[in-house]
Every structure is written in C-alpha cells, then in structure tokens.
Amino acid sequence: MTDVFDCRVAFAEELTALARADERIVAVCNDSVGSSNLVAFAAEFPDRMINVGIAEQDMVGVGAGLALSGYIPFVCGAAPFLTGRALEQIKADVAYSHAPVVLCGMSPGMAYGELGPTHHSIEDLSWLRAIAGLGIVVPADPAETRAAVRWAAGAATPVFLRVGRFKVPEVTDSFTFGRAGLLRSGSDVTVVATGTMVSRALQAADEAAAEGVSVRVLNMSTIAPLDHAAILAAARETGAIVTAEEATLTGGLGAAVASVVVSSDSLVPMRMLGVPREFAPTGSTAFLLEHFGLTATDIRAAAVSLARAHA
C-alpha cells in the first residue's frame, strides 16, 4: 500500500525550521493552534505565536500590519473561515495594500467532511481568483508543501496557500511558483489537476494506459498566476483537456483553464470535474470525493471518453 501523508504536518515542520533561522517569521491564528498543527511552533516560539481568538477579520488585519512592519506573517486558519469571514480584509488589507502576508487556508476543500457545508471550503479558489495581486498556491503533496512554504517566506508578495488535511501520497519533486509541473507525458488527452486530485490523476493515467489512451498529467499547483503556456501546449499537443479540483466548478481551476483555451487559437474539447454549484452534503471526505465523481476511476473515465471522442 502506498504511504499517505497530512500536508499540514509538512507545513508546520517547515515553518518551524524557517523560524529558527529568521526571527521575522511569526504565526497568527484564530484559536486554531491545534488544527493548524502549530503546537510545536507555539512551544518553541511563544512570543511569535499570536492567537487572536475566533476573529478572522482581526487576524488578517493583524497579519497585514505585521507584514508592513517588516515581519513575515503566516496567517493560519481553517480555510472556510479564513477566506469566507475575512474576504474584505484579504482584498483591502493584504492584496490592495501589497502587504506580503502568507495566508494559510488549512483543511480546505471537503476535508472537514462530517462537519458539513459550513466547514467545507469549496468556494475559496473562486472568490480569491477574483482578487488582483494575490497569488494562489495549492500544493499536491508534503514535498511541494514544504517547497511552497520556503518560497512564500522569501517571496515578499501576498499569497494564499491551500494546505490540505486529506492524506495524499508523495508525487512531486519540485515547485516553481507560476509554473505547472509535468508529472506524466501523454499525447491523447491532458488532465490538469490541483491539490488532492493530482495523485488521483496520476493513478487515472496509469489506468487509462491499460486501455490504450496516453494521458498527460499537469500539476497546476499555482492557480494564480496561471501557467498559460503549459495549458496551450497541452491543448495543441494532446487535443483535449480534463480538469480536476476539490472545489466548486463555478470559477475555480476548470473555469480558469477554460478561459485560457477559449481565448486562444487552440480550441479543444474539455471536461471539468469538481463540485457543481451546490452545497456539498455531510459525510467523510472519501465519501464526498466519490459522491462528486472525483476518484481516479472517474478521472480515467472522463479522460478516456474525451480522448476517444476526438480521435
């Protein structure tokens, strides 16, 4: 059985290691020290762990103030509350003010499955994509999470890190902000995946190969800015694109990729896999991913069908 890992652990370990070397690094949270995996950080750096309580708008404002005062704040909270409750502060205090805050959305997507729609964070990619000047990064595994944390600490730019809770296997070996990672070559169809869907896309590609379909897999870990070149190359070279995301289809990765394709001379058929415009029900994360057709089998079926349709 393939080993799987919680990306929050990699996030916390990397942040703590960076903090030992740079006294400017601070963590700000909304009474979420435990769920953000920052217990060890707080124990080692009690004066650099700022807990504002359940006050997400204040949390983002404090982070912006620290950033503009020369600190490197990692503002951590459950993704639905960080982005939903503090959207105005993310827009005005962080992005508009060019405050180099690292916003860390913990346990995004449907990771809080049994807690229901109030705790699902499936809209975050959509509404954050609409904010100018805000980078959006969705690591696919622990290694990419560590690399993204290191990059964010030195980037001096507003960025949102979507740090997954649902356990995934290691599938990457590098991270470059703004660039898609080519994890598998293919000629018949491309699957553009992000976050928890990347490992499933790779499994889907293996299954499709057994059916004679060659699937390219792109890890779109940076949602904003989007790697237009990789998308257009995929359209030209494979002739069809499937997108897969643990997020709503209304304005998320699929919509972003489609906007690139329809604005180009490389119009190709597409299929977008994700959550439709509805509230996801209550249930385990594994159940919800299956419910919305986000398994490796579903991705394989979409890729094979699309490839054969345009062959």
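The structure under discussion appears in the preceding block.
Everything numeric here is computed off the predicted structure, so don't read it as measured data. (Residues numbered from 1 in each chain as written. Predicted model: local features only at pLDDT ≥ 70, side-chain atom pairs only at ≥ 80, totals over all residues. Heavy atoms only, no water.)

Among the five residues of strand S4 (residues 102–106), five are classified as buried, and the element is accordingly described as predominantly covered. Taking every second residue as pointing to the same face, both faces of S4 are buried, with Val102, Cys104 and Met106 on one and Leu103 and Gly105 on the other. Here five bridges tie strand S3 (residues 72–78) to S4, and the two strands are oriented parallel to one another. Its bridge partner being in S4, glycine 77 is matched across the sheet by glycine 105. Examined bridge by bridge, S4 and strand S6 (residues 159–163) share five bridges and lie parallel to one another. (Buried < 20%, exposed > 50% of the residue type's maximum accessible area, 1.4 Å probe, protein only. Helix = DSSP H or I, 4+ residues; strand = E, 2+ residues; numbered from the N terminus. Pairing = 2+ DSSP bridges.)

Moving on: the packing of helix H8 (residues 197–209) against helix H12 (residues 296–310). For the pair H8 and H12, the least separation of the axes is 8 Å and the interaxial angle reads 55 degrees. Here H12 runs oblique to H8, going by the angle between their axes. Crossing angle aside, the handedness with which H8 passes H12 is right-handed. In this structure, H8 contributes Met197, Arg200, Ala201, Gln203, Ala204, Glu207 and Ala208 to the contact, and H12 contributes Ala296, Thr297, Ile299, Arg300 and Val304. Broken down by class, the residue content of the contact of H8 with H12 amounts to seven nonpolar, two polar and three charged. (Axes fitted to C-alpha atoms, helices over the stretch in contact; angles between N-to-C directions. Parallel < 35°, antiparallel > 145°, perpendicular 65-115°, else oblique. Left-handed = near helix turned anticlockwise from the far one by under 90°. Contact = heavy atoms within 4.5 Å. Nonpolar A, V, L, I, M, F, W, Y, C, P; charged D, E, K, R; others polar.)

Let us look at the pattern of salt bridges. Scanning all chains against the criterion turns up 14 salt bridges. Arginine 150 is paired through a salt bridge with glutamate 14; the nearest N and O atoms lie 3.4 Å apart. Taken together, the residues arginine 150 in helix H7 (residues 142–155) and glutamate 14 in helix H1 (residues 7–21) connect sequence positions 136 residues apart. Between glutamate 44 and arginine 20 there is a salt bridge, and its shortest N-O distance comes to 2.7 Å. Linking glutamate 44 in helix H2 (residues 39–44) with arginine 20 in helix H1, this pair joins segments that are 24 residues apart in sequence. For glutamate 44, a relative accessible area of 37% corresponds to the partly exposed category. A network of salt bridges, in which partner residues are shared, links Glu13, Glu14, Arg146 and Arg150. (Salt bridge = Lys/Arg side-chain N within 4 Å of Asp/Glu carboxyl O.)

What follows deals with the environment of valine 52. Turning to its location among the elements, valine 52 is positioned in the loop between strand S2 (49–51) and helix H3 (56–68). For valine 52, a relative accessible area of 26% corresponds to the partly exposed category. In this structure, the C-alpha to C-alpha distance between valine 52 and valine 62, residues ten residues apart in sequence, is 8.6 Å.

Think of an α-helix as 3.6 residues a turn; residues three or four steps apart then line up on the same face. Among the ten residues in helix H10 (residues 253–262), seven count as buried, and that is most of the element. Looking at H10, one finds that the buried residues are Leu253, Gly254, Ala256, Val257, Ala258, Val260 and Val261.

Before going further, it helps to examine the sheet that holds strand S8 (residues 189–193). Taken in spatial order, the five strands of this open sheet run S7-S9-S8-S11-S12, and their pairing is mixed. Unpaired on one side and paired on the other, strand S7 (181–184) and strand S12 (270–275) mark the two borders of the sheet. Within this sheet the neighbouring strands show an average axis-to-axis angle of 25 degrees, counted without direction. Bridge analysis of S8 against strand S9 (residues 215–219) gives five bridges, and the strand direction is parallel. Bridge assignment links valine 191 to a residue of S9, and that residue is valine 217. Where helix H9 (residues 228–238) meets the sheet, it contacts S8, S9 and strand S11 (241–248), and its direction lies at approximately 175 degrees from that of S9.

Packing of H1 against H7 leaves a shortest axis separation of 8 Å and a crossing angle of 35 degrees. Relative to H7, the crossing made by H1 is right-handed. Between H1, through Cys7, Ala10, Phe11, Glu13, Glu14, Leu15 and Leu18, and H7, the contact on the second element is made entirely by Pro142, Thr145, Arg146, Val149, Arg150 and Ala153.

The next thing to look at is unusual backbone geometry. The omega torsion across alanine 224 and proline 225 is 0 degrees, close enough to zero to call that bond cis. Phi at aspartate 31 is positive, roughly 60 degrees, even though this residue is not glycine. Tracing the backbone through its elements, the reader meets aspartate 31 in the loop between strand S1 (25–29) and H2. On the basis of relative accessibility, which here comes to 52%, the residue aspartate 31 falls in the exposed class. Of note in the backbone geometry, alanine 156 takes a positive phi value of approximately 55 degrees without being a glycine. Among the secondary structure elements, alanine 156 is positioned in the loop between H7 and S6. A relative accessible area of 63% means that alanine 156 is categorised as exposed.

Pairing in this open sheet of seven strands is mixed, and the strands run S2-S1-S3-S4-S6-S5-S10 from one edge to the other. Across the chains shown, the open sheet's two edge strands, defined by having one partner strand only, are S2 and strand S10 (222–224). The sheet shows a mean angle of 20 degrees between the axes of neighbouring strands, direction not considered.

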